[in-house]
Amino acid sequence: MINNYQIKTFEQYQEAYKRSVEDPEGFWADIADTFTWRKKWDKTLEWNFEEPDVKWFKGGKLNITENCLDRHLKTRGNKLALIWEPNDPKERFVRFTYKEMYERVCQFANVLKKNGVKKGDRVCIYMPMIPELAFAVLACARIGAIHSVIFAGFSAVAMADRINDAGAKMVLTSDGLNRGSKQIPVKRVVDEALETCPSVEKVIVVERLGWAVNMVEGRDVWYHDEVQGVSKECPAEEMDAEDMLFILYTSGSTGKPKGVVHTCGGYMIYAQYTFSNVFQYEESDIYWCTADIGWITGHTYLLYGPLLSGATTLMFEGVPTYPDMGRFWQVCDKFGVSIFYTAPTAIRSLMSGDIDHVLSYSLDSLKVLGSVGEPINEEAWHWYHTHVGKERCPLVDTWWQTETGGIMISSLANVTPTKPAHAAFPLPGIQPILVNSDGTEITENEVEGHLCMKFPWPGIIRTTYGDHERCRLSYFSTYKGLYFTGDGAKRDENGYYRIIGRVDDVINVSGHRFGTAEIEEAINHNEHVVESAVVGYPHDLKGQGIYAFVICKEKPEREDYLRAEIIETVVEKIGKIAKPDKIQIVSGLPKTRSGKIMRRILRKVAEGDTSNLGDTSTLLDPDVVDEIKEGAL
Ligand code: PRX
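Residues numbered from 1 in each chain as written. Predicted model: local features only at pLDDT ≥ 70, side-chain atom pairs only at ≥ 80, totals over all residues. Heavy atoms only, no water.

1. Description of the pattern of salt bridges
Then comes step 1: One pass over the full model with this rule turns up 42 salt bridges.
Then comes step 2: Between Lys 367 and Asp 285 there is a salt bridge, with the nearest N and O atoms lying 2.7 Å from each other. Taken together, the residues Lys 367 in the loop between α14 (356-359) and β19 (368-372) and Asp 285 in the loop between α10 (264-278) and β16 (286-289) connect sequence positions 82 residues apart.
Then comes step 3: The exposure class of Asp 285 is buried, given its relative accessible area of 2%.
Then comes step 4: Residues participating in the shared-partner salt-bridge network are Lys 187, Asp 191, Arg 219 and Asp 220. (Salt bridge = Lys/Arg side-chain N within 4 Å of Asp/Glu carboxyl O. Helix = DSSP H or I, 4+ residues; strand = E, 2+ residues; numbered from the N terminus. Buried < 20%, exposed > 50% of the residue type's maximum accessible area, 1.4 Å probe, protein only.)

2. Describing the sheet that holds β19
Then comes step 1: Reading across the sheet, the 7 strands line up as β5-β4-β17-β16-β18-β19-β20 and stay open at both edges, with mixed pairing between neighbours. The strands lining the two open edges of the sheet, one partner per strand, are β5 (94-97) and β20 (395-398). The average undirected angle you get between the axes of adjacent strands in this sheet is 20°.
Then comes step 2: The pairing of β16 with strand β18 (residues 339-342) spans 3 bridges and is classified as parallel. (Pairing = 2+ DSSP bridges. Axes fitted to C-alpha atoms, helices over the stretch in contact; angles between N-to-C directions.)

3. Considering helix α1 (residues 10-22)
Then comes step 1: A rise of 1.5 Å per residue sets the reference length of α1, with its 13 residues, at 18 Å; its end C-alpha atoms lie 18 Å apart and thus fit the reference within 8%.
Then comes step 2: Burial in α1 covers these residues: Tyr 13, Ala 16 and Ser 20. Seen along its axis, α1 keeps its buried residues to an arc of 70°; they face one direction. Away from its buried face, by an angle of more than 90 degrees, α1 presents the exposed residues Glu 15, Lys 18 and Glu 22.
Then comes step 3: Along its buried surface, α1 packs onto α2 (24-32). (Expected span 1.5 Å × (residues − 1). Arc of directions from axis to C-beta. Contact = heavy atoms within 4.5 Å.)

4. Examining the nonpolar core
Nonpolar side chains tend toward joint burial in soluble globular proteins.
Then comes step 1: With 125 residues, the main nonpolar core has Phe 279 and Tyr 304 as its most contacted residues.
Then comes step 2: If one sorts the elements of this core by residue count, helix α6 (residues 131-143) sits on top with 10 residues.
Then comes step 3: Excluding its chain neighbours within four sequence positions, the residues that come into contact with Tyr 304 are Ile 64, Cys 68, Val 137, Leu 138, Ala 141, His 147, Leu 245, Tyr 267, Ala 271 and His 299.
Then comes step 4: Counting 44 residues, the second largest nonpolar core, distinct from the first, contains Tyr 126, Trp 222, Cys 552 and Val 570. (Core = buried A, V, L, I, M, F, W, Y, C linked by side-chain atoms within 4.5 Å.)

5. Describing the site of the ligand
Then comes step 1: By nearness alone, 17 residues border the ligand, and Asp 397, Thr 398, Thr 402, Asp 487 and Arg 513 come closest of all.
Then comes step 2: Between the ligand and Arg 513, the relevant distance is 2.7 Å, taken from an oxygen atom to a side-chain nitrogen or oxygen of the residue.
Then comes step 3: For the ligand, the protein covers 96% of the area, taking 540 Å² as the surface of the free molecule.
Then comes step 4: Of all the elements in the fold, those that place two or more residues in the shell around the ligand are α11 (296-308), β20 and β26 (497-502). (Near = heavy atom within 4 Å. Polar contact = N/O pair within 3.5 Å; in protein donor to acceptor, adjacent residues only side chain to side chain. Areas by Shrake-Rupley, 256 points an atom, 1.4 Å probe, with all protein chains shown as cover.)

6. So, the packing of helix α5 (residues 98-114) against α6
Then comes step 1: It is the contact of α5 with α6, at a shortest axis distance of 8 Å, that shows an interaxial angle of 65°. Of the two possible hands of crossing, α5 and α6 adopt the one that is right-handed. Facing Met 101, Tyr 102, Arg 104, Val 105, Cys 106, Phe 108, Ala 109, Leu 112 and Lys 113 of α5, the residues of α6 in contact are Glu 132, Ala 134, Phe 135, Ala 136, Leu 138, Ala 139, Cys 140, Arg 142 and Ile 143.
Then comes step 2: Taken together, the residues that form the contact of α5 with α6 break down as 14 nonpolar, no polar and 4 charged. (Left-handed = near helix turned anticlockwise from the far one by under 90°. Nonpolar A, V, L, I, M, F, W, Y, C, P; charged D, E, K, R; others polar.)

7. Some details on the sheet that holds strand β25 (residues 483-491)
Then comes step 1: Pairing is antiparallel in the open sheet, where 5 strands are placed in the order β22-β21-β23-β25-β26. Each of the sheet's edge strands pairs with one partner strand only, and the pair in question is β22 (441-442) and β26.
Then comes step 2: Across 4 bridges, strand β21 (residues 432-435) lies against strand β23 (residues 447-453) in antiparallel orientation. Its bridge partner being in β23, Val 435 is matched across the sheet by His 450.

8. Thoughts on the environment of Gly 77
Then comes step 1: Mapped onto the fold, Gly 77 is located in the loop between α4 (73-76) and β4 (80-85).
Then comes step 2: Measuring from C-alpha to C-alpha, the distance between Gly 77 and Met 244 comes to 28 Å, with 167 residues separating the pair along the chain.

9. Details of the side chain of His 385
Then comes step 1: Checked against the element boundaries, His 385 lands in helix α15 (residues 378-388).
Then comes step 2: When its relative accessible area of 18% is taken as the criterion, His 385 is described as buried.
Then comes step 3: In this view, His 385 contacts Lys 390, Glu 391, Cys 393 and Leu 395; residues no more than four positions away in its chain are not counted.

10. Quick word on the packing of α6 against α11
Then comes step 1: For the pair α6 and α11, the least separation of the axes is 11 Å and the interaxial angle reads 65°. Considering how the two elements wind past one another, α6 and α11 form a crossing that is right-handed. Together, Ala 134, Val 137, Leu 138 and Ala 141 of α6 and Leu 303, Tyr 304 and Leu 307 of α11 make up the contact between the two elements.

11. As for α15
Then comes step 1: Taken residue by residue, α15 has Ala 380, Trp 381, Trp 383, Tyr 384, His 385 and Val 388 as its buried positions.
Then comes step 2: Buried residues in α15 make contact with α12 (327-335), β18, α13 (344-351), α14, β19 and β20.
Then comes step 3: Looking at the residues trailing α15, positive phi occurs at Lys 390, about 50°.

12. Describing the packing of aromatic side chains
Each aromatic ring pair is characterised by the separation of its centres together with the angle its planes make.
Then comes step 1: One pass over the full model with this rule turns up 49 aromatic pairs.
Then comes step 2: Ring geometry for Phe 108 versus Tyr 223: centroids 4.3 Å apart, planes at 25°, classification stacked. Here the residue Phe 108 occupies a position in helix α5, and Tyr 223 occupies one in helix α9 (residues 223-226), the gap between them amounting to 115 residues.
Then comes step 3: According to the relative accessible area criterion, Tyr 223 is buried, its value standing at 11%.
Then comes step 4: With a centroid separation of 5.2 Å and an interplanar angle of 80°, the aromatic rings of Tyr 479 and Phe 484 are classed as edge-to-face. (Phe/Tyr/Trp six-rings, centres within 6.5 Å; stacked < 30°, edge-to-face > 60°.)

13. Considering the domain arrangement of the chain
Then comes step 1: Here the domain parsing of the chain yields domain 1 (66-237) and domain 2 (506-630).
Then comes step 2: One C-alpha centre belongs to domain 1, the other to domain 2, and the line joining them spans 38 Å.
Then comes step 3: Between domain 1 and domain 2, the contact holds 7 residues from the first and 8 residues from the second.
Then comes step 4: For the pair domain 1 and domain 2, the two sides together bury roughly 510 Å², of which 60% comes from carbon and sulfur.
Then comes step 5: Its largest share of buried area at the contact with domain 2, domain 1 owes to Phe 154, Ser 155 and Val 157, together 59% of the area lost on that side.
Then comes step 6: At the boundary of domain 1 with domain 2, the tally comes to 0 salt bridges.
Then comes step 7: On inspection of domain 1 and its partner domain 2, the count reaches 3 residue pairs in polar contact (both at pLDDT 80 or more).
Then comes step 8: Each residue belonging to the side of domain 1 that touches domain 2 can be placed in one class, and the counts come to 4 nonpolar, 2 polar and 1 charged. (Domains from an automatic or database assignment. Buried area = accessible area lost by both parts, 1.4 Å probe.)

14. Regarding the pairing of strand β29 (residues 529-539)
Then comes step 1: Pairing of β29 with strand β30 (residues 543-552), which is carried by 10 bridges, proceeds in the antiparallel orientation. Looking at β30, one finds that Tyr 537 is bridged to Gly 545.
Then comes step 2: Once β29 ends, the chain turns through 3 residues before running back antiparallel as β30.

This is how it looks when you write it as C-alpha cells:
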C-alpha cells in the first residue's frame, strides 16, 4: 500500500504536527515504513547542526528506483507514469506506462553501464525536457551513479565549472533543443564546455532535432546506437540510505555555485510525503509540474515525488507563451490535468496577456493549484485563483529551497487554511523559528525575523559537494544550532508565515536563484570593467530584476555598445537567464572606509526610492551617491 500516510483533516494535521515535535523519530519511521527497503534501518536519526552531521535511517538499504517503478508494476503496470507534451502542439505527445517507464529506465541504465559508469561516479545531465531526461536521471539512480542535472539554459562556462567541481565522468545530452519558436544547439555548448573538463570520458547524445552534430571519436556516442539490443531489465544497485543520490548546483552569496547534496533514503521519504500531502494526491489525478528538471522543483515534484506515489506526471517541453499565451491551459484541458504546479513568474507573464487566453478553455478538470519559487504577490494570487482555479481550487503557496529537498511551509490542499500570498503553516515534521539578527528566537506572533529550522527533516541538505566546511558556513554558522534559510519571513497574528525574500546577497529572478557576487564576477570578466556591484530590484514580471552598477576603465564613447558587451559577457559566463536588466555606468561605488560596498544605498537607487538613503556619513566619498542618483535608470 502506497500513500497510506495522508493527513486528511485539520484535526489530523494538528495531531500529526504535535506528534512530529514530541516524537520525531517515531513520526518519520512510520512514514518510512511504507516504502520498500532491502534492509530496514538500524537507527532513525543521528544529528548535530554544529558540524553539521545529519543521518536519517542509518544502516537502511534501498534503491529509490525500486520505489519509483518496480513496486508499482504489480498494481499499476498499465497505469500511465509519464505523459510528454512536446513544444509544438502539432507534434504528437507520448505516453509511458509504469511498465514502459521501467523498461526505458533499465535500458538507459544498461547503456550507462556499458559505457563504463559505476556506482558513485558523477554523471552530468545537460538535456532538454524530453522523456530521455527523466529516464537518464532514474537510470543513474538505478545503478548508484550520482546525477548532477544542469539546466540546459546555462552557458558552456557555467557547465564546465559544475562538471569540474563534481569531477563528472560522463555527460548526457542531446543534439539540440526546442524552446518556443527557437531551436538551440545543445551539443555545441557541451563541446565547448568539455574543452576544459578533463574528467569527462564519454558523452551520450540523445537525438531530438535530427541535427548532424560534431561527434568526437572515442568520446561521443549516439544513444539510439548504444541502446540497440540492450536488455530492458537492469538490477537495481543496493544503496545505503545515506549514499549520495544527486548533486544539484545552486547559487549562494559567494561567486561560486555550490553543489547541494541529497541522499537516497531521506530525500525519497521527504519527496513522497510532501507530494502526497501538500497536493492531496489521489490515484486518479493527472499531475503537472511545469518546472524544468534542471531545478530542484523538477527533481522533487516532476519526477521523484509523483513516481514514488505511483502518480501520472506530465512533462512539458515548451514554454507558457508558445504558440500563444493559452498554451498551459490548452495542455490542462487536453490531458484533464487535476493538479497544476507552477511559478509566480509564469502567472505574472500570462496575466499580462488577453484574458481570453484563459477563458477559452474549460479547466474543469483542475482540483488543486500550486505556486513555488518566489513570493507570489496578491494580484497574481487572485488572478490564478479566480481565472485558472475558478475560485474552486485551493491554491497552495509552497515555500522551500534546493537545500530542503522538498516543501517545508505550505498549506495542505483543502486540509489546512490558506491565506493569499502566505505560505501558511509548516508541514508536520518541520520546526521553523524566526530569530532576531542576534539569533534570539522570536516566540510571539505579528513579527518579522530571519527564518531558521531548529530540527532536521529527512530531506535536509547533507553537504556541499567536495567542501563540507562551505555547507557549515553557509547554513549552520550564522545562528548557533540552527539551519539558516537565508530568507526573511513574517508571522501574522494567527501564525501564518509569509516569506518576504532573501536577506543575504542572493536574488531571485523569475524563480531562479543567483548570487549577486556570481553575476559581478561574470561582469568583471569584461575587459572594460574595473568593478561592479549587482543588486535586485522589484520587477513586474520576474519578481526581481538585475541592476548592475559598473565602473569602467575609461568613459565609453557609446554606453549602449558597452552595455551590450557586458550582457554578452554575462551570457557567456552564466547564461541568458542571468542577463542584467539595467546597467548603469558609474565613476565610483558607495563604499565605507573599510572598502565595503553599501548595497543598501544601491538597492534604494535601483528601486527608484532615493528620498531617504539613510546615513551616508561613513562613506569614503559621499559625492558618488549624488552622481549615482542622477544617473539612475
Ligand atoms: O527565497 C526563497 C524563494 O526561493 C528560494 C529558494 O530557491 P531555490 O533553491 O532555487 O528553490 C526554488 C524552488 C523551491 C527561497 O530561499 N522561494 C521559494 N519558494 C517560495 C519562495 N519565496 C516565497 N514563497 C515561496 N513559496
